[in-house]
Amino acid sequence: LEAAMTHAHEIGVHQGVTRAMVIRAYPRPWHVFVDTSPDSDADFEVAATFEAEPTQEDINYAIVECLEGSEREDEIVAAQMQAALDAGQLNRV
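Given the structure is predicted, the values throughout are model-derived calculations rather than measurements.

Looking now at the environment of Asp43. Its location among the elements puts Asp43 in the loop between strand S2 (30–35) and strand S3 (44–50). What makes Asp43 partly exposed here is its relative accessible area of 39%. Counting along the chain gives 10 residues from Asp43 to Phe33, while the straight-line C-alpha distance between them is 9.6 Å.

If you want it as C-alpha cells, here you go:
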C-alpha cells in the first residue's frame with residue numbers, strides 16, 4: 001500500500017484526468033482510493049471499501065460518489081466563508 005501511494009504521488013498529473021487506485025492488502029478488504037486534489041499535489045481519499053473484489057461498476061460508482069461529495073463539501077465551505085464575510089466576521093482576521 002505504501003509503495004502504491006508513493007508511486008501515485010510521483011507520477012505526473014494531466015488536466016481533467018481523475019486518478020484512482022484499487023488496492024488489496026491481503027487479507028484486508030479491497031480499497032478504492034481517489035485523488036480529490038484539483039492541482040498537482042495528490043490528495044488521495046478512501047472512496048470505498050469492499051469485502052469482496054469489486055466490479056468495474058462498483059469502482060466507477062465509488063469514484064463518482066467521492067468526487068461529487070468533494071465538490072459538495074467545497075460548495076458548503078464556500079457558502080460558509082461567504083456568510084462569515086457578509087457578517088463581518090472575517091474583517092478581524
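On we go from here.
The alternating pattern of strand S1 (residues 20–24) places Met21 and Ile23 on a buried face, while none of Ala20, Val22 and Arg24, on the opposite face, is buried. Counting the residues that bridge the hairpin from S1 to S2 gives five residues.

Its place among the elements puts Asp35 in strand S2. Note on Asp35: relative accessible area 8%, which makes it buried. When residues no more than four places from it in sequence are discounted, the contact partners of Asp35 are Arg19, Asp41, Ala42, Asp43, Phe44 and Leu67.

Read from one edge of the open sheet, three strands run S1-S2-S3, paired in antiparallel fashion. A single partner strand is all that each edge strand has here, and the edge strands are S1 and S3. For this sheet, the mean angle separating the axes of adjacent strands, direction not counted, is 25 degrees. In terms of strand pairing, S1 meets S2 through five bridges, oriented antiparallel. The partner of Val22 across the bridge, within S2, is Val32. Packing of helix H2 (residues 56–86) onto the sheet brings it into contact with S1, S2 and S3, and relative to S2 it is tilted by some 40 degrees.

Scoring rules and cut-offs
Residues numbered from 1 in each chain as written. Predicted model: local features only at pLDDT ≥ 70, side-chain atom pairs only at ≥ 80, totals over all residues. Heavy atoms only, no water. Helix = DSSP H or I, 4+ residues; strand = E, 2+ residues; numbered from the N terminus. Buried < 20%, exposed > 50% of the residue type's maximum accessible area, 1.4 Å probe, protein only. Pairing = 2+ DSSP bridges. Contact = heavy atoms within 4.5 Å. Axes fitted to C-alpha atoms, helices over the stretch in contact; angles between N-to-C directions.

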